[in-house]
Amino acid sequence: MNEQTSRLNRERRFLVLLGVICLALIGGALYMQIVLGEAPCPLCILQRYALLLIAVFAFIGAAMPGKRSLTLLEGLVVLSAIGGIAAAGNHVYILANPAVSCGIDTLQPIVDGLPLASVLPLVFQVDGFCSTPYPPVMGLSLAQWALVAFILTAVLVPLGIYRNRRQA
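The rules behind these values
- Residues numbered from 1 in each chain as written.
- Predicted model: local features only at pLDDT ≥ 70, side-chain atom pairs only at ≥ 80, totals over all residues.
- Heavy atoms only, no water.
- Phe/Tyr/Trp six-rings, centres within 6.5 Å; stacked < 30°, edge-to-face > 60°.
- Helix = DSSP H or I, 4+ residues; strand = E, 2+ residues; numbered from the N terminus.
- Buried < 20%, exposed > 50% of the residue type's maximum accessible area, 1.4 Å probe, protein only.
- 1 Å grid on protein atoms, 1.4 Å probe; cavity = no way out; pocket = protein on both sides within 12 Å on 5 of 7 lines; lining within 4 Å.
- Points joined across faces, edges and corners; volume = space filled by probe spheres on them.
- Nonpolar A, V, L, I, M, F, W, Y, C, P; charged D, E, K, R; others polar.
- UniProt positions renumbered as here; feature names shortened; annotations may be inferred.
- Contact = heavy atoms within 4.5 Å.

## With respect to the packing of aromatic side chains
Then step 1. In total, this model carries 1 aromatic pair according to the counting rule given.
Then step 2. With 4.6 Å between their ring centres and 35° between their planes, Tyr49 and Phe124 make a pair best called tilted. Residue Tyr49 is found in helix α2 (residues 42–63), and its partner Phe124 is found in helix α6 (residues 121–124); the two are separated by 75 residues along the sequence. There is no split in this pair, since Tyr49 and Phe124 are both buried.

## Section: the layout of surface pockets
Then step 1. The volume enclosed by the largest pocket comes to roughly 900 Å³.
Then step 2. Considering the residues around the largest pocket, the lining is formed by 41 residues, among which Leu25, Leu142, Ala143, Trp145 and Ala146 are closest to the centre.
Then step 3. Elements that contribute at least two residues to the lining of the largest pocket include exactly α1 (3–34), α2, α3 (67–96) and α7 (142–165).
Then step 4. Counting residues per element, the lining of the largest pocket draws most heavily on α1, at 11 residues.
Then step 5. Each residue belonging to the lining of the largest pocket can be placed in one class, and the counts come to 32 nonpolar, 7 polar and 2 charged.
Then step 6. Space inside the second largest pocket adds up to approximately 160 Å³.
Then step 7. For the second largest pocket, the full set of lining residues is Arg10, Glu11, Phe14, Glu74, Leu156, Val157, Leu159, Gly160, Ile161, Arg163 and Asn164.
Then step 8. Going through the elements one at a time, α1 and α7 are the ones with two or more residues in the lining of the second largest pocket.
Then step 9. With 7 residues, α7 is the single largest residue contributor to the lining of the second largest pocket.

## Thoughts on the UniProt feature "transmembrane region" (unreviewed entry) in the protein chain
Then step 1. When the UniProt feature table is mapped to this numbering, "transmembrane region" (unreviewed entry) covers residues 14–34, 46–64, 76–96 and 142–162.
Then step 2. Taken end to end, residues 14–34 comprises 100% helix and 0% strand; its first and last C-alpha atoms sit 30 Å apart.
Then step 3. Helix makes up 100% of residues 142–162 and strand makes up 0%, while its end C-alpha atoms are separated by 30 Å.

## Considerations on the environment of Val157
Then step 1. If you trace the backbone, Val157 turns up in helix α7.
Then step 2. If sequence neighbours within four positions are ignored, Val157 has contacts with Phe14, Leu18, Glu74, Val77, Val78 and Leu152.

## Observations concerning the side chain of Thr153
Then step 1. Tracing the backbone through its elements, the reader meets Thr153 in helix α7.
Then step 2. Among the residues examined, Thr153 registers a relative accessible area of 8% and is labelled buried.
Then step 3. When residues no more than four places from it in sequence are discounted, the contact partners of Thr153 are Leu18, Ile54, Val77, Ala81 and Pro158.

Following this line, the structure appears as structure tokens:
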């Protein structure tokens, strides 16, 4: 196995790990929703969509044989992470400024109108308000944790591409 193949395989393993982590985060959100009774708001649901897209693109990218297709899928992972940053950043802002609301009345029909909301309503339907504070997890709100995860994804994936593709 040559050095270039080894580097691409490292990228693929990273993408699989990233996909598994994203699915685990969605699982954690579902646990908090179903077991702890924490109702998801429109921005929570948008963050779930971003996590799901990252996972799907990461798994497809890991299965791609060529460097170009792998890079394309990694680009889609980064774009999905940027979308997650927008949703989580807005959610963090709303939680820090309780007078501001995401407007469940305006965002709810849009988010509930997305395709997966009718297919998997438990996972992708809005049931709460963005301004509802829930107990922090290790000192951070769920929105803050999501923001950290999305930022790390948006930074680490391009860094991995750069590191693994530069000439030795």
